[in-house]
Structures are given as C-alpha cells and as structure tokens.
Amino acid sequence: MNASEYQILLKRFQGNEPIDFDASFYLAQCCSSMISGHGQESWGRDLIIRALENRDRLHPSTTAVWDDLTEAAGLYPYVSEDVALSASAALRKEFHRSDYLPSVFFHREQLQLATLLESGRSVIVSAPTSFGKSLLIEDVVASRKFENIVIIQPTLALLDETRKKLQKYRDFYNLVVSTSQKAGPSRNIFLFTGERVVEYEKFPEVDFFVIDEFYKLSLDRDDERASILNQALYRLLKMTDFFYLLGPNIQQVSERFVSRYGAAWFHSDYTTVAVDVEKRYEGRNWKVNDPNRKDALYELLASFSEPTIIYCSGPQKATDLAQGFFDYLVEIDAVNSEPLDSVPCGEIIEWIEENVHERWSLAAMMQEGIAFHHGHLPRHLGSSIVDVFNSLDIKWLFCTSTLIEGVNTTARNVVLFDQKKGRKPIDYFDYKNIVGRSGRMNIHYVGKIYEFHKDPAQLEMQVDVPLFDQANAPIELLLQLDRADVEPESLPRLEQFDKLDMELQSVIKGNTGLPLEGQLAILNEVEGSLDYYHEKLGWKTIPNYTQLLTTLELCWKHLLSKSDSKAGVRSPAQLAVMTLQYSEGKTISSLIASNLESDFWKNSEPDFQKRVQKVILLVLGVFRQWFDYKLPKVLMGLSELQDYVFKRHGMESGNYSYFSALIENDFLDDGMSVLMDYDVPASAIRKLSAALPGENDWAQIQERLKGVDLMQLPLLDYERRKLESALAEN
C-alpha cells in the first residue's frame, strides 16, 4: 500500500455517517495487512486508533474483528475487559499486565521498556508524547524496589502533576518536594528540578534516578539551565549508575554517555493517539500582525465544543489573545447569561479578587470558560487552572511552553497560533512537542491540530551531554567536576581557575550556575574601590535603597547574561524599588497596588483597566522569575564574594542570607514555606501560621497540623481546599 492509498483509507473515517459492513470489513482487512509487516505497521495502528474513535459508526458485525486488530497491534490499554478474546490473545494481553499497577496493561513497546528497567539496566528513551513514558516512572515506584529515588523534571507544573500521581505511595515513601525538607536514611522520593538537586545539602544514598525531558541536558537547546542540569546529573551519577532518562522526538544521544554506563538506547515512534492536522494558513496571505489572522482564530475557537489549547509565544501574547477572544464572544453575544456553575472556578475567582486584583481580566474570562497559563502565574494558580481545564470547567486555554513541556491535559484540540518561543522561532523539535499535546490515551483517540503558520524545517534532534562531550562544555560545568573526570583536552581551560587560592575556588564553586568571569569581575571591581563598596555592600538584614541598588547593579552587570529573562524589569533601579516595596507589603496584592498608584504607571498608561493588566503581568513575572529563584540566587552569590573580599582585608563583611531567604520564601518561615510546594498559596499559609506560632520544623508542623480545625480559620474556600489537599498528602 502506498501513501495515496493510505490517505484514501483515512478519508473513510471522516464525517458522521455510518460505515456499512463491506466498507468496515475492507478497512479491517487493510489494517490487518499493514500491521502484519511490510514497514506499514504505524499506518495500520493509526487506522485502528481511528476505528476506536469511530466505533459507533462501524458496522456492529465487525466489532469483534476490530477488537482482535486492537489486540494484534499491541494496543492493550484499549482492549476492554469485557471483550471476548481467543485463548491465545487473552494470554498475550495478560502478559502485558503491569506487575505493580492494578488494572494497568502496557502496550507492546511499553512492555519492552518495562522489561529493560526490570532487568536492572539503565534506559534512555525517546518516544512520542502519547507513548506513556511517564507511566513507567510510576511502575518503578510501585515496585517498591528502591530505597531512595530522585525524579528530576524541568518545570514546577510537571513536578506538581507527578507529586499528585505519586502521593498514593506515601505509606511507603516519604515525598521530598522542598530543599528545606529533611529526608530519612531510606524510602524517600525526591521530586526536584535540576537546580534543587544541586542545592540539596545531603542526599541519602540514591539508588535510582529519573530525568524527564532529558534533552534539556543539551547545549544546543540554548537553555540557560542546561549547565545546572548537567551538574545535577553528575552529582547523581556519583551515587548510582541506574537511571531512566526520557524525552520525545530525539534521534540520537551522546554515544560516550550511553557506552560508559551500558545504557539501553530505546527509540520508538509508537503512538497511541492519531492526529489530524488542518493547515489554516493555506490560501491566506496573512502577515505577522494581520488582524484577519486573529479574527480567523477567534471564529475557529468559537466553533469548538471540546477542550482546546492555544499555543502562544509568551505570557503577554497568551494574555492578550485570551482577552481578545473574550471580547469577541461579547461582541457576537455568545457569553453566558447564567451565573457560573463551576464551584472550583468560583473559588479561584474569589481568591483572585482578594489576593491579586478584582479587575484582573482572568477572573472575568473564567466566567466564560476561558483561561491562560504561563510561567508568570503563581504556582498554585497555574496548577489549579490545569485542574479546571482537565475537569472541563475551562474550555479554552491560552498557554505558553510552560504547559507544553510534559504536562498532560484533556485537550483534543491544539491550535498553533504563534511560531515563536519567547523571541526565538520554534524549531521542528518544539513543533513536534506542541503537536504531541493533542489527544490523550483513553480520553481522545484522535487529536486535532490547527496550524496558523507553516511547519518549521524538519531536523533530527541529537542530544549532546556536555558532561561527557566536553569540547563545548561551559567552564562553569567543568570546574564542578573532579579533575579525573575532566578530559585532557579540556584541562587547559581550567588553568586560570586553578591559579586562584583554594578559598576563592571554593567560593566560586559554591556559586553554582553563576558565570566564572562575572564573579572574577565583581572581585576586581570591589577590590578596586574597597571603602566605597564596603559602605554599600556591608549590609546584613534588610538593605536600604542605596545598598540594594548597588548590590543589584553589580549582579545585573556581571552575573546576568543578555539572554537571561528579565520578566519585564528594565533596570536594577526598578528591581530594587519593587523588591523593597515587596519587603514592606509582603504580598502580591500590595505590590500591585503600589505600582498602580505610582506616577510612572499613571503617566505611561492612563487607562486604569489597561494599567491593571500590565501591572499584574509585570508583578507576577517579577515574583516568579526574580523573587522565587533568580534574585535569591544572585544575592547569595554576591554575598559570598563580598564576604571573601572584605575578610581578606580585615573588614567586617555583609551577609545577605536573611534577606534572601525572606524573599525566596514569601516572607514565610522555612518550615511553613514547604506548603507552597504542595500547591498551597502563601495567603493560606499566613493564616495557618497564626494557629501554629513559633513552629519552623516541617516534621513538627506536620504533626501539629493534624490537630488544626481548618473550619475555624478565616480561610477562603479555595485556600481551605488547597490546605485539605496538602494535608491529605502528608
């Protein structure tokens, strides 16, 4: 069978009319032939999946034939328990049953992967999004074979999803989700980003680890976190050489890495979801900012009745398009006349109005089944939006790459509206990752893709691992390695570092993720004006504006690269002002209010409603990009550097650890701040803290929480539900 004949068969499944016996049987015959060999198995499997989608249209006399074909294609998750299989087919199906997950059957290639892991061999796998790679993580956990497991995932959204899946194993494992949590000697699962693996002070002996979306190890992806992820990999490999690395659409991985650890390289194109692609741009001469393009998007979205994700290039674009679609629904009189009947959405809206701003557009949008999701949203809010989308309370979700990278949703439709990821064009790898978000095993057999621009040029993704392919490895990674692990040709690059005194080497190595040249430049600059900088950098608790400005100017100039996301912050002065405003008000809403009433914002955006939206986006971005990680990171880096310089000259040094911890933990105690990693908003934790005064140890907090009656606290329904969920996980 050739491609043209296959396309003809695909068309048989289009439409809604019943498919008669002859056509149903002919389709089944063709599928049987294709899955039997001749290199056409993927075509046959695709048609079988479409038959499952159209089961009600197929002639009932052929149902048993299609059941047999589903089994023959190895699609055991789709073989219903009440299907009467032959003895041999039933035996094959039983062979694909998970040994550890109740009522779970692997498809053919999942079983191969599970068998490799069961054999004790490390596995590096590339397979499509719908393959079900992450199910194997749960299968390993459910086996209870390992004492300590580390799972690295690239985004907090993905970690939240995994935490919720694995909380059912808390009777055996202690889930560690925060670097301030203490682990026992055994039975721990660490759910961390790469940064947290590097920061965590003392792991017990780890005997298995997972890196999800492992392509982020590669420098070719131009990800600022690649070096840190390689450091995390290096640290874990010092403890165990048993691992599971998973990712999509990768053609080749570092041969040095694979051979050194005897890992199995498992590459598969096996999919469990069929995909239809509709090229909406064809026949239209759209320019980049053509308003007709947006109108076509809104018209398309209004026609959908099933959950839809709209991919956007960044937070501003996602917000603007969501607002534009909301306005479009108002214009065509398609908004709901009845009050919102979704309790979860109503609770989220109430929280937004009290803790962000009553005029934030997201609240009004959610009333109409519209939401947006991007990396600037508070972590708990982003997680809640995914939940209400998956429960079908939200129908249209405008999102960025933060949702595309691994998070599972119930979306049938994915609309590719933008062709950029931030400011950079998406490549073929990004494109395939986004397309993979449509459809969902056992929910939507067929996903729908709607493209508003041409596909990127096809390329083969090859993942280098700088830890082992050191020719282009950043020096910040090389200096973290034992000298025995540095390749001979890379040693000359470390000569400048090796000439530094041992104390300074220790300081620089401790400042993981910060540029070597930038740190040395700061040392030279401070050394050159000791008295001036001693006055400005010698602070220890809460800095004044001049002290913080000087500190941030040095960080901005030497520790940040041009490609680093600044989240809309234009200068160290602006960041200093916002940081001190936050220090005073200590909440998102207070920082929003301060900026809304500033002369700068009143002059730059006189329209109050528009000003609200712009200020909120900026403030949320500053919280997530700066306060949650980047600002504490650079502050502590500079704190160590100034401490080294001033002590060398017999001068009293500053110490930024107190202020840095306050910023990073939302002005909550370390122990209580752990609850933020369980999806609990800071607003709820502050109210809870009043019932647990003076307690800062997480283990003690867990015990005392059992005696707290949440109904007696002044919590919003949303806050109470989040706390109840967190307490159920502990």
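Residues numbered from 1 in each chain as written. Predicted model: local features only at pLDDT ≥ 70, side-chain atom pairs only at ≥ 80, totals over all residues. Heavy atoms only, no water.

Brief notes about the packing of helix 8 (residues 156–166) against helix 16 (residues 379–390)
Thought 1: The contact between helix 8 and helix 16 brings their axes to 10 Å, and the two run at 65 degrees. For the pair helix 8 and helix 16, the crossing hand works out as right-handed. Judged by residue contacts, Leu156, Leu159, Asp160 and Lys164 of helix 8 engage Arg379, Ser383 and Asp387 from helix 16.
Thought 2: A per-class count over the contact of helix 8 with helix 16 returns two nonpolar, one polar and four charged. (Axes fitted to C-alpha atoms, helices over the stretch in contact; angles between N-to-C directions. Helix = DSSP H or I, 4+ residues; strand = E, 2+ residues; numbered from the N terminus. Left-handed = near helix turned anticlockwise from the far one by under 90°. Contact = heavy atoms within 4.5 Å. Nonpolar A, V, L, I, M, F, W, Y, C, P; charged D, E, K, R; others polar.)

As for the confidence of the model for the chain
Detail in the predicted coordinates should be disregarded across regions flagged by low pLDDT.
Thought 1: Across the chain, pLDDT averages 93, with 99% of residues at or above 70.
Thought 2: Of all helices and strands in the chain, the one with the weakest mean pLDDT is helix 17 (residues 401–404) (82), whereas strand 2 (residues 148–152) scores best (98). (pLDDT = per-residue confidence, 0-100.)

A few points about helix 24 (residues 545–558)
Thought 1: Taking 1.5 Å per residue, 14 residues should reach 20 Å; helix 24 reaches 20 Å between its end C-alpha atoms and fits that length.
Thought 2: Counting buried residues in helix 24 gives ten out of 14 residues, a clear majority hidden from the surface.
Thought 3: Elements in contact with the buried residues of helix 24: helix 22 (516–528), helix 23 (530–537), helix 25 (572–585), helix 28 (608–648) and helix 29 (657–664).
Thought 4: Of the residues that open helix 24, the one with a side-chain oxygen 3.1 Å from the backbone nitrogen of threonine 546 is asparagine 544. (Expected span 1.5 Å × (residues − 1). Buried < 20%, exposed > 50% of the residue type's maximum accessible area, 1.4 Å probe, protein only. Polar contact = N/O pair within 3.5 Å; in protein donor to acceptor, adjacent residues only side chain to side chain.)

Describing empty space enclosed by the protein
Thought 1: Scanning the entire structure with this criterion turns up eight cavities of 30 Å³ or more.
Thought 2: Empty space within the largest cavity amounts to approximately 120 Å³.
Thought 3: Taken together, 14 residues make up the lining of the largest cavity; nearest its centre are Pro154, Gly194, Lys216, Arg225 and Leu229.
Thought 4: For the lining of the largest cavity, the secondary-structure elements that each account for two or more residues are helix 9 (194–199), strand 5 (208–212) and helix 10 (226–237).
Thought 5: Each pocket or cavity is described by its volume, and for the second largest cavity that value is around 100 Å³.
Thought 6: When residues of the lining of the second largest cavity are traced back to their parent elements, those giving at least two are helix 6 (108–118) and helix 7 (135–143). (1 Å grid on protein atoms, 1.4 Å probe; cavity = no way out; pocket = protein on both sides within 12 Å on 5 of 7 lines; lining within 4 Å. Points joined across faces, edges and corners; volume = space filled by probe spheres on them.)

Re a negative patch on the surface
Thought 1: Together, Glu199, Glu664, Asp669 and Asp670 make up a region of like negative charge exposed at the surface.
Thought 2: Inspection of the secondary structure puts glutamate 199 in helix 9. (Patch = residues over 30% accessible without salt bridge, like charges linked within 9 Å, V, L, I, M, F, W, Y side chains within 5 Å. Areas by Shrake-Rupley, 256 points an atom, 1.4 Å probe, with all protein chains shown as cover. Salt bridge = Lys/Arg side-chain N within 4 Å of Asp/Glu carboxyl O. Lys, Arg positive; Asp, Glu negative; His and termini not counted. Charge placed at Lys NZ, Arg CZ, Asp CG, Glu CD.)

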